[in-house]
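Below, each chain spelled out in residue letters.
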Amino acid sequence: MSIKRMLASAALILPIAVTFIPSQADAQARWPVRRPVPVRIIRRPPPVRVYTPVQARRRILVPGRWVQTNRGRRWIPARYVYRR
């Protein structure tokens, strides 16, 4: 490679290479690096337990129904029966 060619390539490369050298102005103009925010685990509150009295837990709904009697059919409305 001839000296003229080496000087010509250096003349072309040198201005580009100089732009990559960091300066003080570059240090001030740089944006802060964003670090990932730690992920927060969202916990659901425990379900609220509603106190049900024992008497209410033992009651059973008997649905309304028709009953055949000696005088004909008779409607008995629905009611709750308390079991032990």
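Counting starts from 1 at the beginning of each chain's written sequence and moves along it residue by residue. Local features in a predicted model are, by the rule used here, given only for residues with pLDDT of at least 70; side-chain atom pairs are given and counted only at 80 or more, and totals for whole chains, interfaces and linings are based on all residues. Hydrogens and water molecules were not included; the side-chain quantities draw on all heavy atoms of the structure.

**Section: the overall build of the protein**
Thought 1: Helical segments are the DSSP runs of H or I of at least four residues, strand segments are the runs of E of at least two, and each set is numbered from the N terminus. The helix and strand tally for the protein stands at three helices and four strands.
Thought 2: Beginning at the N terminus, the succession of helices and strands in the protein can be written as α-α-α-β-β-β-β.
Thought 3: Of all 84 residues assigned to the protein, the portion counted as buried reaches 2%.
Thought 4: Working rule for contacts: check all heavy atoms of both residues, and any pair within 4.5 Å makes them a contact. Pairs at least 24 residues apart make up 12% of the contacts formed inside the protein by residues separated by at least 6 positions.
Thought 5: Total accessible area computed for the protein in this model is approximately 9600 Å², and 61% of it derives from carbon and sulfur atoms. Only protein chains enter the accessibility calculation, which uses a 1.4 Å probe. A residue is then buried if its area is under 20% of the maximum for its type, exposed if over 50%, and partly exposed in between. The accessible surface values rely on the Shrake-Rupley method and a 1.4 Å probe; as for residues, cover is taken only from the protein chains in view.

**Considering a nonpolar patch on the surface**
Thought 1: Taken together, the side chains of Ile3, Met6 and Leu7 define a hydrophobic patch exposed on the protein surface, amounting to about 330 Å² of accessible area.
Thought 2: The exposure class assigned to methionine 6 is partly exposed, which follows from its relative accessible area of 43%. Candidates for patches are residues over 30% relative accessible area with no salt bridge; among them, like charges are joined within 9 Å and nonpolar side chains (Val, Leu, Ile, Met, Phe, Trp, Tyr) within 5 Å. Salt bridges are defined as contacts in which a side-chain nitrogen from Lys or Arg sits within 4 Å of a carboxyl oxygen from Asp or Glu.

**Comments concerning the environment of glutamine 55**
Thought 1: You can see glutamine 55 is positioned in helix 3 (residues 54-58).
Thought 2: Judged by its relative accessible area of 52%, glutamine 55 falls in the exposed class.
Thought 3: Separated by 28 residues in the primary sequence, glutamine 55 and arginine 83 have C-alpha atoms spaced 8.7 Å apart.

**A word on the pairing of strand 3 (residues 72-76)**
The side chains of a regular strand alternate between both faces of the sheet.
Thought 1: Pairing between strand 2 (residues 65-69) and strand 3: five bridges, direction antiparallel. When the bridges of strand 3 are listed, glutamine 68 appears paired with arginine 73.
Thought 2: Paired strands are those between which DSSP finds at least two bridges. Connecting the antiparallel pair strand 2 and strand 3 is a turn made up of two residues.

**Section: the environment of arginine 57**
Thought 1: Counting through the fold element by element, arginine 57 comes out in helix 3.
Thought 2: Assessed through its relative accessible area of 55%, arginine 57 is described here as exposed.
Thought 3: Sequence separation of arginine 57 and tyrosine 82 is 25 residues, and the distance between their C-alpha atoms is 9.0 Å.
Thought 4: Residues within four places of arginine 57 in sequence aside, it is in contact with Tyr51 and Thr52.

Read these as layout, nothing more, since geometry by itself doesn't imply function.
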